[in-house]
Amino acid sequence: MIFRLSFSNSSQLVSLSKNPRLLHSHPLLSMNLFKTHAFAGNPIKLRTPKPSDPFSPASALHTLKTLLLKEHTDNPSLTSPNFKILPFRKGRPLAGSLKNSPEPNWHLAWLSFNDCKAFLENSSEVKLSEDSLVYLGSDSEGDGDGVYVVYWAIDVTEAGSRLVNELGARQFCFVELRTLMVASDWENASAMAQLAIAGHARSLLEWHTVSRFCGFCGGKNNLIDAGRRKQCSNELCKRKIYPRVDPVVIMLVIDKENDCVLLSRQSRFVPRMWSCLAGFMEPGESLEEAVRRETWEETGIEVGQVVYHSSQPWPVGPSTMPCQLMVGFFAYAKSLDINVDKAELEDAKWHSREDVKKALTFAEYKKAQRTAAGKVDQMCKGVERGQSLSSDFNVESGELAPMFIPGPFAIAHHLISSWVNGAEAQVKQLASSFSNL
């Protein structure tokens, strides 16, 4: 997780630099806590290349257009970067199972430009073109051989079952991103990096699917900037459209004595799972106001102080909202009486620190991760399996804990575990210290 500290002006930074005792008195600033959330830390999107860079979106698109010209594709004198393409079908990335791995694990099934072209050659629905490929980023290190790699994504949903069968013959399959999320070993940096790339790609492709037409005049939107933007084709309109991000506040509500937290259940949750309150922001309100409003609307609890924790992109929501941004907070309650809005929640209760600590069932998380990884492995090998993802969270051996919270792939987990481990109090103290600078 990441603890980010916001400064309203440069004088606060100067004051902080003149007060090193403040820095060293807070473990959060000296501890190695700079691990990113799932879907964050995308290694091929850490910085945007300048237009003049050889592997910027504009340069890569120019090279792509050249490659797509039939008379040049077999020209040995044509120099080009190493293009890798990740197909998606119905929002699911193409994945494969790692071979010679001691435990089942997955990897993104990148196709070379030529392989992707060959797979789509006989498809009348999807063609490899500048209008079907979306630029994801580049990697200066590539495969370690000093070759630049440019990464693209393509939606092959309309290609039909023939493509699925051909890819299946190579032990590749299209897997739900949420399944890959659960199947990822959160301690494996490579797996988490691939998950971040897949999340970014899904967000862009799903956004393209829901933004085919201009919301101002109804004209068709065309891809520009290698698929990172869109523009209305109507000459009288020409509006540019940018990828959609839906901000969501997610908050751990804490009682006055700092002994209990408010957790809730929704009807869609798997059995025994409790989590933080969350809700979408509304126009014209601040993040802090959204935290207070959502908490009041869903539970009738009045919130006072609101302290920022961290944020997480969340591309595994519905396709109509292809990328939510979860913004996490600690929220301190001014009241205790709960009045649950049954239209929003199934239940909401105060839980003690000891009960929540028991709910941090890492053995269950690990078993769910291994079960999901095994499922992906079997899917890629063509073995059908009837067990659902929900049931993967209910196959723990031994005595089941009466409740559990979302796993380490969710920001809710880190909000709750921070409070259990006492880091929340340090964040609150640090926030108060900064506000007095």
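Parameters and conventions
Residues numbered from 1 in each chain as written. Predicted model: local features only at pLDDT ≥ 70, side-chain atom pairs only at ≥ 80, totals over all residues. Heavy atoms only, no water. UniProt positions renumbered as here; feature names shortened; annotations may be inferred. Helix = DSSP H or I, 4+ residues; strand = E, 2+ residues; numbered from the N terminus. Expected span 1.5 Å × (residues − 1). Buried < 20%, exposed > 50% of the residue type's maximum accessible area, 1.4 Å probe, protein only. Arc of directions from axis to C-beta. Contact = heavy atoms within 4.5 Å. Pairing = 2+ DSSP bridges. Axes fitted to C-alpha atoms, helices over the stretch in contact; angles between N-to-C directions. Core = buried A, V, L, I, M, F, W, Y, C linked by side-chain atoms within 4.5 Å. Domains from an automatic or database assignment. Polar contact = N/O pair within 3.5 Å; in protein donor to acceptor, adjacent residues only side chain to side chain. Salt bridge = Lys/Arg side-chain N within 4 Å of Asp/Glu carboxyl O.

An unreviewed UniProt entry lists the protein chain under the name NAD(+) diphosphatase, with Nicotiana tabacum as the source organism. In its Sequence similarities (unreviewed entry) section, the UniProt record describing the protein chain reads: "Belongs to the Nudix hydrolase family. NudC subfamily." UniProt annotates the protein chain under Catalytic activity (unreviewed entry) with the comment "a 5'-end NAD(+)-phospho-ribonucleoside in mRNA + H2O = a 5'-end phospho-adenosine-phospho-ribonucleoside in mRNA + beta-nicotinamide D-ribonucleotide + 2 H(+)".

Our next topic: helix α4 (residues 57–68). For α4, with 12 residues, the first-to-last C-alpha span of 16 Å sits near the 16 Å given by 1.5 Å per residue. Of the positions making up α4, those classed as buried are Pro 57, Ser 59, Ala 60, Leu 61, Thr 63, Leu 64 and Leu 67.

Among all positions in helix α5 (residues 113–120), only Phe 113, Cys 116, Phe 119 and Leu 120 are buried. End-on view of α5: buried residues confined to an arc of 130°, all on one side of the axis. On its buried face, α5 is in contact with α4, β1 (82–89), β4 (111–112), β6 (149–155) and α6 (161–168).

Moving on to the sheet that holds strand β9 (residues 229–232). Ordered in space as β8-β9-β10, the three strands form an open sheet in which the pairing is antiparallel. Lying at the two open borders of the sheet, with one neighbouring strand each, are β8 (221–224) and β10 (240–241). Taken together, the four bridges between β8 and β9 define a ladder with antiparallel strand orientation. When the bridges of β9 are listed, Ile 224 appears paired with Arg 229. In the packing of helix α8 (residues 189–210) onto the sheet, the strands contacted are β8, β9 and β10, and the crossing angle to β9 comes to about 15°.

So, about the nonpolar core. Counting residues in hydrophobic clusters, the biggest one holds 92 residues, and the most contacted among them are Trp 152, Ile 154, Leu 195, Leu 252 and Leu 263. Per element, the largest residue contribution to this core is seven residues, and it comes from α8. Viewed by domain, this core spans two of them, domain 1 (57–67 + 81–211) and domain 2 (246–363 + 400–430), each represented by three or more residues. Counting residues in each nonpolar core, the second largest holds 17 residues, with Leu 277, Ile 301, Val 327 and Phe 329 among its members.

Before going further, it helps to spend a moment on the environment of Ala 153. Relative to the helices and strands, Ala 153 resides in strand β6. With a relative accessible area of 0%, Ala 153 lands in the buried category. Taking the C-alpha atoms as reference points, Ala 153 and Arg 202, 49 residues apart in sequence, are found 8.5 Å from one another. Every residue in contact with Ala 153, bar those within four places of it in the chain, is listed here: Leu 86, Phe 88, Ser 132, Leu 133, Val 134, Leu 136, Ala 201 and Leu 205.

So, on to the side chain of Ser 97. Along the chain, Ser 97 turns up in strand β2 (residues 92–97). The exposure class assigned to Ser 97 is buried, which follows from its relative accessible area of 12%. Here the side chain of Ser 97 touches Asp 377 through a polar contact of 2.3 Å, side chain to side chain. Apart from residues lying up to four places away in sequence, Ser 97 is in contact with Asn 105, Trp 106, His 107, Asp 377 and Cys 380.

With that settled, consider the pattern of salt bridges. Opposite charge on two side chains permits them to pair, given that their charged atoms come into close proximity. Within the structure shown, the criterion is met by 16 salt bridges. Glu 285 is paired through a salt bridge with Arg 293; the nearest N and O atoms lie 2.7 Å apart. Ionic pairing is found between Asp 347 and Lys 349, a salt bridge with its closest N-O pair at 3.9 Å. A relative accessible area of 41% places Lys 349 in the partly exposed class. Beyond isolated ion pairs, a larger network of salt bridges with shared partners links Glu 282, Glu 285, Arg 293, Glu 294 and Glu 297.

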